[in-house]
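# Descriptive analysis of the structure
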Amino acid sequence: MKKFTFLSIMGCIMLIFSACSSDEGESASESLVTHNRIVLGNQNHVQIGSFVNLYSGKIYTIREAFENQGQIDLVFFHDDPSNAPCLVSPSAVAQYTTIDNKIQTDLQHGLAKWELLTTMEIGVTDITAGQFEGVKSYPELKTLIDKDNHVTVKGEYQISAGKVYKFKTGNEKWGLISIIALDGNAKTSGTVAMDVKIQK
């Protein structure tokens, strides 16, 4: 009888432990970080930074970005003279600019002065804004990304309002960006407003 009781207790403990582990794993796999209406300024904007960390949603000015180089995922600017609005990994900005702008050439904090240029990938998708809005968990997000056949590269040259872009950060976090609005050009102040959903 004592042996049976001991085995029963041990079995219950193992069952409880197993259930807890399963719950934790399920919770982790479904977790998602969402940021609504992140607004970045282009290279001419004097108030809003051009640099962003997609996981935290934090926006950085050029000086702040220089002081936090490892935290920067994407840079927003308008190419000159094409005026194409761009979202580009810091390591690839020079490849996506026709005429280098102050983000690249600033004498104190420009990317040419950085010691660490992070790399990530971004790509256009056929995912709709409505599908983006419907994503409530990481498995749902990853399923949409896996079904999309577009490639990811180090930057998107001509982003558009209403489009959804997929990305993978340098530390292997998958996510989606939905562009809400764009304004400005290479000669004037401009912004991009976007929603972000990223793997937790």
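In the block above lies the structure referred to throughout.
Throughout what follows, the structure given in this document is the object of discussion. From a predicted model like this one, the values you see are computed outputs, not experimental measurements. (Residues numbered from 1 in each chain as written. Predicted model: local features only at pLDDT ≥ 70, side-chain atom pairs only at ≥ 80, totals over all residues. Heavy atoms only, no water.)

## With respect to the pattern of salt bridges
- Within this structure, the stated rule accounts for 5 salt bridges.
- K187 is paired through a salt bridge with D80; the nearest N and O atoms lie 3.0 Å apart. On the criterion of sequence distance, the pair formed by K187 in the loop between β9 (174-185) and β10 (188-199) and D80 in the loop between β4 (74-78) and β5 (85-88) is long-range, its members being 107 residues apart.
- Judged by relative accessible area, which is 16%, D80 ranks as buried.
- When the shortest N-O distance is used, the salt bridge between K166 and D148 registers 3.1 Å. Here K166, found in strand β8 (residues 164-168), pairs with D148, found in the loop between α5 (138-147) and β7 (155-156); they are 18 residues apart in sequence, far enough to count as distant.
- Look at K166 and you get buried, because its relative accessible area is 4%.
- Given the relative accessible area of 9%, D148 is considered buried. (Salt bridge = Lys/Arg side-chain N within 4 Å of Asp/Glu carboxyl O. Helix = DSSP H or I, 4+ residues; strand = E, 2+ residues; numbered from the N terminus. Buried < 20%, exposed > 50% of the residue type's maximum accessible area, 1.4 Å probe, protein only.)

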